[in-house]
Amino acid sequence: MAEKDKFIEAYFLRVCEESGIPYQGYASPAANTLEAEQRYVNYGRGGGLIQAVHLGSELVVICNDEGRLLGFPLNRAWLDESGEVLDIFAGNIMVVRHKGDEFASIHADDIPYIEKHLVPVCPVGDGKAVRIPADKLPEWKGGTDERSDR
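The present account deals with the structure reproduced in this document. On a predicted model such as this, the values are computed, not experimentally measured, just so you know.

Cut-offs used in this document
Residues numbered from 1 in each chain as written. Predicted model: local features only at pLDDT ≥ 70, side-chain atom pairs only at ≥ 80, totals over all residues. Heavy atoms only, no water. Phe/Tyr/Trp six-rings, centres within 6.5 Å; stacked < 30°, edge-to-face > 60°. Helix = DSSP H or I, 4+ residues; strand = E, 2+ residues; numbered from the N terminus. Buried < 20%, exposed > 50% of the residue type's maximum accessible area, 1.4 Å probe, protein only. Lys NZ or Arg CZ within 6 Å of the ring centre and 35° of its normal. Salt bridge = Lys/Arg side-chain N within 4 Å of Asp/Glu carboxyl O.

Within the structure shown, the criterion is met by five aromatic pairs. Ring plane angle 20 degrees and centroid distance 5.6 Å describe the contact between F12 and Y26, whose orientation is recorded as stacked. In this pair, F12 is assigned in strand β1 (residues 7-13) and Y26 in strand β2 (residues 26-31), connecting sequence segments 14 residues apart. Both rings, one in Y23 and one in W140, keep their centres 5.2 Å apart while their planes meet at 80 degrees; by these two values the pair is edge-to-face. With a gap of 117 residues between them, Y23 in the loop between β1 and β2 and W140 in the segment after β10 (128-131) connect regions that are remote in the sequence. Owing to a relative accessible area of 25%, W140 belongs among the partly exposed residues under this scheme. Grouping aromatic residues by their ring pairs yields a cluster made of F12, Y26 and Y40. The residue whose ring lies beneath R14 is W140, and the NZ or CZ to ring-centre distance is 3.9 Å.

Spelled out as structure tokens, the structure:
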């Protein structure tokens, strides 16, 4: 069994917990630990359930398994190849690759695929959401995610 990478390059897709406005996605190093992943998808709070959802054959979305139940704001709609919505993720999510049973770094050429299949949304009431053009989103200014606890 190969040794687990201590840090991996992840693609972060954040949403402001207070305003519900999603941020532009960005790649950054992340600690490759359960605790760091939990802190990221739980807005800096430890613990909680994470879920790994296969976005494609080698990409995985790490999200809070109970994000919608906890009232986290909607973040990204997951689209299939024809543009149909498969699901909507709530709260902060990150995308990584998987290598066997371990998470691994994304590649630069993964980013267009991620952006095509995870589109930003904003709630408009009655359980509905609208798509937001990614180029209209604010940039995350909170620093790096090397520890994934912010």
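That shown, we press on.
So, on to the pattern of salt bridges. One pass over the structure, following the stated rule, counts seven salt bridges. Put simply, R97 and E58 hold a salt bridge, and the shortest N to O gap is 2.2 Å. Of the two residues, R97 sits in strand β7 (residues 93-99) while E58 sits in the loop between β3 (50-54) and β4 (59-64), which places them 39 residues apart along the sequence. Ionic pairing is found between E139 and K141, a salt bridge with its closest N-O pair at 3.8 Å.

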